[in-house]
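Fold and contact review
The primary structure of each chain is shown beneath.
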Amino acid sequence: MYNAFISYSHVDIKMAAALEKGLMRFAIPWYRQSKLNIFRDESNLSVTPHLWDNIEKSLSEAEYFIYLASPDARESKWVGKELDYWLHHKSIDKLILVVINGDMIWDDATKSYQQTELNCIPANLNKIFKQEPFYVDLRVLKSKGDLSLKNSIFNKEVLKITAELYHKSQKE
């Protein structure tokens, strides 16, 4: 069983790895193991001829889906397949949007995101929201040094996700 499945474009692998590490280490002393179990392909997949079967199994075992939103992720075939699976088998309420690059411009009139060149929301996700969703914004973090729990912005945003994964308020 996974607490979360991280879906991302491999162009964004540094951000995905940093987020996974941040979630696993948040508020955990160095000598303790995290109670969270996070799926990220580079950390969890083994060499096998049954790639999609393993991804599908991991998706089915995940409580949350963390979409690292970027224009590259929007165009990724694999991210699209993972999102399709989630939207057909799991709850939209367990989808966590983490914007790492690109635009997310909500249009109240159409209840969807504007389709710009730098839009980071794929078509299969764009029209399912009835109102603008809450999302975590990591777009200001660009350097490797920014992607650490020592960075107050990264720390604050990882707290939001970690609290949700533990079913706690941020204050708790």
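Scroll up to find the structure this text is about.
The written sequence of each chain sets the order in which its residues are numbered from 1. Per-residue local features are limited, in this predicted model, to residues with pLDDT of at least 70; the limit for side-chain atom pairs, both in listing and counting, is 80 or more; totals at the level of whole chains, interfaces and linings are taken over all residues. The basis for every side-chain value is the complete set of non-hydrogen atoms in the structure, without hydrogens or water.

1. A short note on the sheet that holds strand β2 (residues 38-39)
Taken together, the five strands give an open sheet; going across it, the order is β2-β1-β3-β4-β7, and neighbouring strands pair in parallel fashion. Here the strands that pair on one side only, and so sit at the sheet edges, are β2 and β7 (136-137). Here two bridges tie strand β4 (residues 95-99) to β7, and the two strands are oriented parallel to one another. Bridging from a neighbouring strand, Val99 pairs with Asp137 of β7. Strand contacts of helix α1 (residues 13-25): β1 (2-7), β2 and β3 (62-69), with the helix running at about 140° to β3, the strand carrying the most contacts. In this description, strands pair whenever DSSP reports at least two bridges between them. Helix numbers and strand numbers start at the N terminus; a helix is a DSSP run of H or I with at least 4 residues, a strand a run of E with at least 2. Here, residues are in contact when the closest pair of their heavy atoms is within 4.5 Å. Angles here are taken between N-to-C directions and fall from 0 to 180 degrees, while the axes themselves are lines fitted to C-alpha atoms, restricted in helices to the stretch in contact.

2. Some words on helix α7 (residues 152-165)
The span expected for a helix works out to 1.5 Å for each residue beyond the first. With 14 residues, α7 extends 20 Å from end C-alpha to end C-alpha; this agrees with the ideal 20 Å at 1.5 Å per step. As for α7, its buried residues are in contact with β1, α1, β2, β3, β4 and β7.

3. Focus on the pairing of β4
For a regular strand, side-chain orientation follows a simple rule: the groups alternate between the two sheet faces. Most of β4 is tucked away, with five of its five residues classed as buried. Side-chain alternation along β4 places Leu95, Leu97 and Val99 on one buried face and Ile96 and Val98 on a second face that is also buried. Three labels apply to residues, based on accessible area from a 1.4 Å probe with only protein chains included: buried if under 20% of the type maximum, exposed if over 50%, partly exposed otherwise in between.

4. Digging into the environment of Tyr8
As for its position among the elements, Tyr8 is in the loop between β1 and α1. When its relative accessible area of 5% is taken as the criterion, Tyr8 is described as buried. The spacing of Tyr8 and Asp41 is 33 residues in sequence and 9.4 Å in space, taken between C-alpha atoms. When neighbours within four sequence positions are excluded, Tyr8 is seen to be in contact with Ile13, Ala16, Arg40, Asp41, Glu42, Leu68 and Val79. Throughout this description, a polar contact denotes any pair of N or O atoms lying within 3.5 Å of each other; where both atoms belong to protein, one of them has to be capable of donating a hydrogen while the other can accept it, and for residues adjacent in sequence the pair is counted only when both atoms sit in side chains. Reaching out from Tyr8, the side chain makes a polar contact with the side chain of Arg40 at a distance of 3.3 Å. A distance of 2.4 Å separates the side chain of Tyr8 from the side chain of Asp41, its partner in a polar contact.

5. Some thoughts on the packing of aromatic side chains
A pair of aromatic rings is counted whenever rings of Phe, Tyr or Trp (Trp by its six-membered ring) have centres within 6.5 Å, and the orientation is called stacked for planes under 30 degrees apart, edge-to-face for over 60 and tilted otherwise. What the rule picks out here adds up to seven aromatic pairs. Judged by centre distance (5.4 Å) and plane angle (75°), the ring pair of Tyr2 and Phe39 falls under edge-to-face. Placement of the pair is Tyr2 in strand β1 and Phe39 in strand β2, with a sequence separation of 37 residues. Here Tyr2 matches Phe39 in class, with each residue buried. Note on Phe5 and Phe39: the rings are 4.6 Å apart at their centroids and 10° apart in plane angle, and the pair reads as stacked. Note that Phe5 is positioned in strand β1 and Phe39 in strand β2, a separation of 34 residues in sequence. The exposure class assigned to Phe5 is buried, which follows from its relative accessible area of 1%. For Phe39, a relative accessible area of 1% puts it in the buried group. Through pairs of rings, three or more aromatic residues link up here, namely Tyr2, Phe5, Phe39, Phe65 and Trp86. The residue whose ring lies beneath Lys81 is Trp52, and the NZ or CZ to ring-centre distance is 4.5 Å. In this scheme, the term charge over a ring applies when either NZ of a lysine or CZ of an arginine sits within 6 Å of the ring centre and within 35 degrees of the ring normal.

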